[in-house]
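The lines below spell out each chain.
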Amino acid sequence: LETVGLLAGGVAHDFNNILTAILGSVSLAKTRTAMGQDVMDLLEDVEKASMRAKDLTHQLLTFSKGGTPVKKAISIADVIRDSAEFILRGSNIHCDFQFAANLSATEADEGQMSQVIQNLVVNARQAMPKGGTLRINAENVEVTYANMLPLKPGPYVRIVVTDQGAGIPREHLDRVFDPYFTTKKKGSGLGLTTTYSIIRRHEGHILVDSLPGCGATFTIYLPASDKPAPVKSKESSAPVPMPGKGRVLLMDDEVSIRSLANRVLTSAGYEVEAVSNGNEAIEAIRNGQSDQKPFDIAILDLS
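The structure displayed is predicted, hence computed values, not measured ones.

Enquirer: I'm lost on the environment of Leu302 in this one. Help?
Expert: Secondary-structure assignment places Leu302 in the segment after strand 10 (297–300). Here the alpha-carbon distance between Leu302 and Met251, two residues 51 residues apart in the chain, equals 8.7 Å.

Pasting the structure below:
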């Protein structure tokens, strides 16, 4: 109950700060617009605050049914490398990767696994403000009851992330996965909580060990898959915005979301009919068929 209370209070505090930034910027933007002044900088502040809110809700989803992983066989080595390099781009930290040549694939949600690695790498980067080396190893292991781990016996992939930071005091080790517990000046205190939740949902386990002045080591166990991981394509192309055409049925019970989606689709060239619920959607489809103007696409909020 204490942990739940801490989580609720922390979320309320974070969202209050975010909404203050958004509402304050919008209020100033309205004043500037009335005076004919540029509001681009205020809109950018609104966008930044909104992205913080999006990140916070994304993390909170891992504690709900909405965070249930969509698993498939993935190359965990590719996920680790891509996620770590993305976070450390332009930093003074070198990442040393050591992956077993025959590293097994894992049955996992690729997006959530990327979130796990990014959270750990962000922690390591904050722990090493003067730079250093971050080591990430991955190998195949066989877990047995003798390992004294809360895992079913069988093949696993073990990932070890070690930084050269100041380390974590012994009295804090048992609390690092608690929501809103953090010893850093920067950070929400939800990163490791989210990481822990994701690993548990994947039927894995995460451990932490540290000595003050000697850095921190996070060890992750993920069930290995007997399926081959898909080969990563070297070709990549950025999506090119294109105008569209056709009739779109848009259903969402939230007025603001419905209005925004309507504007986006209309500006892209589509003819949109927006409705608020399933009965209205069915009626619109019937009318479209009888008027010889059927819909080409339906975009539905089903939850």
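Enquirer: Sorry if this is basic, but what is going on with the nonpolar core here?
Expert: As a rule of thumb, nonpolar side chains are buried together in soluble globular proteins. With 39 residues, the main nonpolar core has Ile76, Met113, Leu134, Ile136, Ile159 and Phe218 as its most contacted residues. Contributing elements (two or more residues each) for this core: helix 3 (76–88), strand 2 (93–99), helix 4 (110–127), strand 4 (132–143), strand 5 (154–162), helix 5 (191–201), strand 6 (205–210) and strand 7 (216–225). No other element matches the seven residues that helix 3 contributes to this core. Here Ile159 is in contact with Ile76, Ile80, Ile136, Asn137, Ala138, Phe218, Thr219, Ile220 and Leu222, once residues within four sequence places are set aside. Judged by nonpolar contacts, the second largest core, of seven residues, contains Ile18, Ala49, Ala53 and Leu190.

Enquirer: Mind showing me how you'd approach helix 5 here?
Expert: Each full turn of the α-helix corresponds to 3.6 residues, which orients residues three or four apart in the same direction. Of all 11 residues that make up helix 5, eight are buried, and the element is covered over most of its length. Those residues of helix 5 lying buried are Gly191, Leu192, Thr193, Thr194, Thr195, Ser197, Ile198 and Ile199. Among the residues trailing helix 5, Glu203 stands out with phi positive, at a value near 60 degrees.

Enquirer: Help me understand the side chain of Asp163 in this model?
Expert: Positionally, Asp163 belongs in the loop between strand 5 and helix 5. Here the side chain of Asp163 touches Ala216 through a polar contact of 3.0 Å, landing on its backbone nitrogen. Residues within four places of Asp163 in sequence aside, it is in contact with Ala124, Ala127, Met128, Thr133, Leu134, Cys214, Gly215 and Ala216.

Enquirer: What am I meant to see in the pattern of salt bridges here?
Expert: Charged atoms that come close allow side chains of opposite charge to pair. In the structure shown here, the tally under the stated rule is eight salt bridges. Here Glu110 makes a salt bridge to Lys72, at a shortest N to O gap of 3.9 Å. Of this pair, Glu110 sits in helix 4 while Lys72 is found in strand 1 (residues 72–74), placing the two residues 38 residues apart along the sequence. You can call Glu110 partly exposed: its relative accessible area is 39%. Among the salt bridges present, the one from Asp96 reaches Arg135, with a minimum N-O distance of 3.9 Å. On the criterion of sequence distance, the pair formed by Asp96 in strand 2 and Arg135 in strand 4 is long-range, its members being 39 residues apart. Using a relative accessible area of 21% as the deciding quantity, one classes Asp96 as partly exposed. A single network of salt bridges, built from pairs that share partners, joins Arg247, Glu271, Glu273 and Lys293.

Reading the values: the criteria
Residues numbered from 1 in each chain as written. Predicted model: local features only at pLDDT ≥ 70, side-chain atom pairs only at ≥ 80, totals over all residues. Heavy atoms only, no water. Helix = DSSP H or I, 4+ residues; strand = E, 2+ residues; numbered from the N terminus. Core = buried A, V, L, I, M, F, W, Y, C linked by side-chain atoms within 4.5 Å. Buried < 20%, exposed > 50% of the residue type's maximum accessible area, 1.4 Å probe, protein only. Contact = heavy atoms within 4.5 Å. Polar contact = N/O pair within 3.5 Å; in protein donor to acceptor, adjacent residues only side chain to side chain. Salt bridge = Lys/Arg side-chain N within 4 Å of Asp/Glu carboxyl O.

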